[in-house]
Amino acid sequence: MSYTEEIYERVVAQNPGEPEFHQAVKEVLDSLKLVIDANEEKYRAVSLLERLVEPERIISFKVPWVDDNGKVQVNKGYRVQFNSAIGPYKGGLRFHPSVNQGILKFLGFEQIFKNSLTGLPIGGGKGGSNFDPKGKSDREVMAFCQSFMTELSKYIGADQDVPAGDIGVGGREIGFMYGQYKRLKGLYEGVLTGKGLTWGGSLVRTQATGYGLVYILDAMLKDHKIDLAGKTVVVSGSGNVAIYATEKAQQLGAKVVAMSDSNGYIYDANGINLDVVKDIKEVRRGRIKEYADAVPGSVYTEGKGIWSIKCDIALPCATQNELNLDDAKTLKANGCVAVAEGANMPSTREATDFFLAEGMLFLPGKASNAGGVGTSALEMCQNSQRLSWTFEEVDAKLKQMMNDIYAKISDAAKRYGVEGNYVTGANIAGFEKVADAMMAQGIVL
Ligand code: NDP
Ligand code: 2IT
């Protein structure tokens with residue numbers, strides 16, 4: 001049995017009930033087989049893979065808070081500090097009822113390689129809670145965030161671990177958590193990213209994941225002599241990533257015809273009116289269904305099924321495993337030529353393998369959504385300098401970062417004889433820097 005296969009079996013045996021974590025590890029190890037087999041002795045001698053798949057530490061805690069009816073609620077809180085070889089732990093916080101330790105381990109593991117690909121000094125981490133912000137009042141969200149941060153504040157810091165947003169955590173939640181951290185610690189420091197612009201946030205961070213996704217998509221399409229302008233695009237989700245992916249795709253001349261939320265999807269043959277979506281989602285915190293009431297000629301359909309809409313380009317921007325093999329086959333049959341992941345691991349392994357086998361252009365999330373965390377690292381940089389850069393400056397750095405990531409992953413794929421396989425390319429390019437740092441620092445993590 002090869003070293004990578006051995007480690008996968010070990011991970012499954014030692015981490016029961018964590019299928020998403022197994023899935024993320026398997027994909028990375030399958031890609032790394034090419035690198036590991038060529039240097040097996042070197043890596044085995046220091047148990048590098050055993051160390052890579054084990055989080056440095058997982059903090060798990062209770063989050064009690066009082067709801068508007070005076071009832072005491074209790075949620076679970078976590079921070080997975082996965083790997084600090086190349087910088088302080090960095091990664092978002094997810095508030096969603098589906099959150100559990102296994103999901104955060106998968107996200108933290110992905111984050112190691114993604115953060116490495118940005119070229120900036122950030123390690124891998126992730127955290128969150130099974131708290132559901134949906135339908136909660138602002139006061140309830142504040143009470144929860146303050147309680148969550150009261151515990152989390154013991155384990156984070158600007159040079160130690162710097163959380164940010166993810167599903168269910170946006171500007172409002174970051175604000176409440178930042179305020180509580182500052183109150184407890186008396187430190188005005190860049191301990192969180194995604195902050196508001198008047199209190200240490202960076203321009204472009206709100207847009208960064210979605211914009212970055214479309215910048216790298218455009219780089220890949222250009223490399224394959226395809227023009228993004230005029231293409232029909234389907235974007236799943238209607239949260240932070242989906243909204244700004246749609247905005248940038250529209251700016252570059254593409255037509256986005258569908259978006260979704262966990263209840264259903266909208267189709268608008270004339271192209272999505274993003275102002276309406278922003279008003280529903282960013283201002284009123286409503287449901288995507290309301291789009292069809294507001295825009296004549298558009299159609300709302302309950303349930304999954306967004307991938308049955310004919311398109312040239314698919315951008316899954318909602319959640320893990322939202323696009324399965326059947327969806328992949330439908331996309332292909334409808335003429336889709338490129339898929340770029342805005343979400344983390346939105347395609348199942350079977351769907352990913354299908355895209356690659358069919359020769360479709362496919363960008364994995366750990367490369368294509370890295371603009372969010374990359375811009376978070378630029379926010380940390382501005383906080384350290386006590387400066388703020390202009391929108392144009394940050395946007396130019398983001399675009400350069402995404403072009404560089406495309407170059408790195410396509411180069412790694414070529415070096416290992418799998419040209420055009422950006423999954424393998426991203427995993428190898430992300431791994432190389434982290435492995436080098438782990439080897440250099442001795443048996444400490
Ligand atoms: P938001 O909370 O802003 O939006 C999430 C969107 O996805 C909503 O439309 C939500 O619908 C939908 N969604 C969430 N969970 C599910 C589910 N289980 N089934 C179907 N739809 C679902 O989150 P973000 O836009 O920030 O995150 C989206 C994805 O992008 C996640 O995978 C996240 O990890 C990833 N990501 C985010 C980054 C960021 O900077 N924010 C950076 C890199 C990756 P509903 O409202 O109905 O729940
Ligand atoms: O998945 C991700 O990369 C994020 N949610 C963003 C993390 C960050 O630290 O900006």
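*Asks:* Sorry, what's going on with a nonpolar patch on the surface here?
*Replies:* Together, V66, V72 and V74 give the surface a local cluster of nonpolar side chains, amounting to about 260 Å² of exposed area. Here V74 shows up in strand 2 (residues 72-83). Overall, the relative accessible area of 55% leaves V74 in the exposed class.

*Asks:* Got a minute to help me understand the pattern of salt bridges in this structure?
*Replies:* Between side chains of opposite charge, pairing is possible as soon as their charged atoms come close. Evaluated as defined, the whole model comprises 26 salt bridges. With a shortest N-O distance of 3.0 Å, E6 and R44 are connected by a salt bridge. Note that E6 is positioned in helix 1 (residues 3-14) and R44 in helix 3 (residues 40-45), a separation of 38 residues in sequence. A relative accessible area of 30% places R44 in the partly exposed class. Taking the shortest distance from any N to any O, the salt bridge between E18 and K105 comes out at 2.6 Å. Of this pair, E18 sits in the loop between helix 1 and helix 2 (19-38) while K105 sits in helix 5 (residues 101-117), placing them 87 residues apart in sequence. Residue E18 is classed as buried on the basis of its relative accessible area of 9%. One salt-bridge network, in which partners are shared between bridges, spans K26, D30, R349 and D353.

*Asks:* What exactly am I supposed to notice about the site of ligand 2 here?
*Replies:* K90, K114, K126, D166 and S376 are the nearest of the 14 residues found near ligand 2. In this structure, a nitrogen atom belonging to ligand 2 sits 2.9 Å away from a side-chain N or O atom of D166. Protein chains shield 94% of the accessible area of ligand 2, which is 290 Å² for the free molecule. When contributions to the shell around ligand 2 are tallied by element, the ones reaching two or more residues are strand 3 (89-95), helix 5 and helix 15 (370-385). Grouping the constituent residues of the shell around ligand 2 by class yields two nonpolar, seven polar and five charged.

*Asks:* Can you walk me through the sheet that holds strand 4 (residues 123-129) in this structure?
*Replies:* Two orientations exist for strands paired in a sheet by backbone hydrogen bonds: parallel and antiparallel. Reading across the sheet, the five strands line up as 1-2-4-3-5 and stay open at both edges, with mixed pairing between neighbours. Edge strands, defined here as strands with exactly one partner in the open sheet, are strand 1 (57-66) and strand 5 (161-164). Going across the sheet, the axis of each strand differs from the next one's by a mean of 20°, ignoring polarity. In terms of strand pairing, strand 3 meets strand 4 through five bridges, oriented parallel.

*Asks:* Where do I start with the pairing of strand 10 (residues 313-316) in this structure?
*Replies:* Side chains of strand 10 alternate between two faces, with I313 and L315 and A314 and P316 buried alike. When strand 6 (residues 232-236) meets strand 10, the two strands line up parallel, connected through four bridges. Pairing of V234 across the sheet is with A314, part of strand 10. Two strands pair when backbone bridges link them, and strand 10 and strand 11 (residues 338-340) are joined in this way by two bridges, in the parallel orientation. In the strand pairing of strand 11, A314 is matched with V339. Taken together, strand 10, helix 12 (residues 325-333) and strand 11 form a β-α-β motif whose crossover is right-handed.

How each quantity is defined
Residues numbered from 1 in each chain as written. Chains lettered and ligands numbered in written order. Predicted model: local features only at pLDDT ≥ 70, side-chain atom pairs only at ≥ 80, totals over all residues. Heavy atoms only, no water. Patch = residues over 30% accessible without salt bridge, like charges linked within 9 Å, V, L, I, M, F, W, Y side chains within 5 Å. Areas by Shrake-Rupley, 256 points an atom, 1.4 Å probe, with all protein chains shown as cover. Salt bridge = Lys/Arg side-chain N within 4 Å of Asp/Glu carboxyl O. Helix = DSSP H or I, 4+ residues; strand = E, 2+ residues; numbered from the N terminus. Buried < 20%, exposed > 50% of the residue type's maximum accessible area, 1.4 Å probe, protein only. Near = heavy atom within 4 Å. Polar contact = N/O pair within 3.5 Å; in protein donor to acceptor, adjacent residues only side chain to side chain. Nonpolar A, V, L, I, M, F, W, Y, C, P; charged D, E, K, R; others polar. Pairing = 2+ DSSP bridges. Axes fitted to C-alpha atoms, helices over the stretch in contact; angles between N-to-C directions. Right-handed = clockwise from strand over helix to strand, strands pointing away.

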